[in-house]
Amino acid sequence: MTKHEKIQKITLTAILAALVVVIAFLPIKTLGLEITLTVIPIAIGAILGGPFVGLCLGTVFGIVSFLQCLGYSPFGEVIFSINPFLTFLVCVPTRMLAGWIPGLVYQIICKTGKKTLASGVACFLMPFLNTFFFMSVLVICFYNTDYIQSIALSLKATNPFTFVVLFVGINGLVEMLCGMFISFPVSKTLDYAIYKLSLIHISEP
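The rules we used
Residues numbered from 1 in each chain as written. Predicted model: local features only at pLDDT ≥ 70, side-chain atom pairs only at ≥ 80, totals over all residues. Heavy atoms only, no water. Helix = DSSP H or I, 4+ residues; strand = E, 2+ residues; numbered from the N terminus. Buried < 20%, exposed > 50% of the residue type's maximum accessible area, 1.4 Å probe, protein only. Areas by Shrake-Rupley, 256 points an atom, 1.4 Å probe, with all protein chains shown as cover. Axes fitted to C-alpha atoms, helices over the stretch in contact; angles between N-to-C directions. Parallel < 35°, antiparallel > 145°, perpendicular 65-115°, else oblique. Left-handed = near helix turned anticlockwise from the far one by under 90°. Contact = heavy atoms within 4.5 Å. Nonpolar A, V, L, I, M, F, W, Y, C, P; charged D, E, K, R; others polar. Arc of directions from axis to C-beta. Phe/Tyr/Trp six-rings, centres within 6.5 Å; stacked < 30°, edge-to-face > 60°. Lys NZ or Arg CZ within 6 Å of the ring centre and 35° of its normal. Expected span 1.5 Å × (residues − 1). Core = buried A, V, L, I, M, F, W, Y, C linked by side-chain atoms within 4.5 Å.

(A) Local environment of the overall build of the protein chain. Along its length, the protein chain carries eight helices and zero strands. If you list the helices and strands of the protein chain from N to C, you get α-α-α-α-α-α-α-α. Buried residues in the protein chain amount to 41% of all 205 residues. When the accessible surface of the protein chain is totalled, it reaches about 10800 Å², and 75% of it is carbon and sulfur.

Structure, rendered in structure tokens:
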């Protein structure tokens, strides 16, 4: 990797990380979990920068999400009061993996020459894995607590699986649709723009 490419990647990561922080504080409020569009810059970063950039952005998202449990997020505040360490596990490692894996899958598929398919898969995986990992760890760590059981009772969920389906509801679907219909075209456009800028840089004396 050339010095120019390194600077380009660092700049991209910094800009997307700033977007992750800003968007994390602008969730769409619903009756269940808040719909977060932070999956968009993370998916874009994983595609344009690779798994390490995706990991970095996922880490930023996870840390911000955990800090929001200190009073910004009502749901997060309750589970934090129950067990801070388990709340950290729910918020941070889950988002790290959700950012890292799509970048890794993207690179693997790209080796087959199917770059468009790779982008589409990565844009779908980011929101899907974010929801899957978050809810899986939440159920493992907190399902038997009085708080989550009260939510499950209100949703008429009789087991962890139905609880996840009913609790996530439209939120997970919206995040996945955003991943496909926003992240995908934006990442393709930026990828082309970066490619053109690289050509200009190479042609400079």
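(B) How the structure looks around the packing of helix α2 (residues 39–49) against helix α6 (residues 115–142). Here α2 crosses α6 at 135°, and the two axes come no closer than 9 Å. If you check the angle between α2 and α6, you find them oblique. Of the two possible hands of crossing, α2 and α6 adopt the one that is right-handed. Touching Val 39, Ile 42, Ala 43 and Ile 47 of α2 are Ser 119, Ala 122, Cys 123, Met 126, Pro 127 and Asn 130, all from α6. Each residue belonging to the contact of α2 with α6 can be placed in one class, and the counts come to eight nonpolar, two polar and no charged.

(C) Just the environment of Gln 68, in detail. Tracing the chain through its elements places Gln 68 in helix α3 (residues 51–68). The buried category is assigned to Gln 68, whose relative accessible area is 8%. In sequence terms Gln 68 and Ala 24 are 44 residues apart; their C-alpha atoms lie 9.2 Å from each other. Not counting residues within four places of it along the chain, the set of residues in contact with Gln 68 comprises Ala 24, Phe 25 and Ser 73.

(D) Geometry of helix α7 (residues 146–155). The set of residues buried in α7 consists of Ile 148, Ile 151 and Ala 152. Projected down its long axis, α7 carries its buried residues within an arc of 100°, all on one side. For α7, the exposed residues lying more than 90 degrees away from the buried face are Asp 146, Leu 153 and Ser 154. Following α7 by one or two positions, Lys 156 has its phi on the positive side, about 60°.

(E) Geometry of the packing of aromatic side chains. On inspection of all chains with the given rule, the structure shows ten aromatic pairs. Counting every residue linked through ring pairs, the aromatic cluster contains Phe 75, Tyr 143, Tyr 147, Phe 163 and Phe 167. Sitting above the plane of the Phe 61 ring, Arg 95 keeps its charged end 4.3 Å from the centroid.

(F) Just α3, in detail. Taking 1.5 Å of rise per residue, 18 residues should cover 26 Å, and α3 covers 25 Å from first to last C-alpha, within 8% of that figure. Here α3 has its buried residues at Pro 51, Val 53, Gly 54, Leu 57, Gly 58, Phe 61, Gly 62, Val 64, Ser 65, Phe 66 and Gln 68.

(G) Molecular detail of the side chain of Ser 119. Its location among the elements puts Ser 119 in helix α6. Since its relative accessible area comes to 2%, Ser 119 is described here as buried. Beyond its immediate sequence surroundings of up to four residues, Ser 119 is in contact with Ile 47, Tyr 106, Phe 184 and Lys 188.

(H) Fine view of the environment of Glu 175. Of note, Glu 175 is situated in helix α8 (residues 160–203). Judged by relative accessible area, which is 4%, Glu 175 ranks as buried. C-alpha separation for the pair Glu 175 and Thr 38, spaced 137 residues apart in sequence, amounts to 9.1 Å.

(I) A look at the nonpolar core. Counting 24 residues, the largest nonpolar core has Ile 42, Ile 47, Leu 57 and Met 126 as its most contacted members. Listed by contribution, the elements that provide at least two residues to this core are α1 (3–24), α2, α3, α5 (84–110) and α6. In this structure Leu 57 touches Thr 13, Leu 16, Ala 17, Val 20, Pro 41, Ile 42 and Gly 45, once residues within four positions along its chain are discounted. Residues Ile 79, Val 139, Ile 151 and Ala 152 belong to the second largest nonpolar core, which totals 17 residues.

Interpretation in functional terms is not warranted from these geometric data alone.
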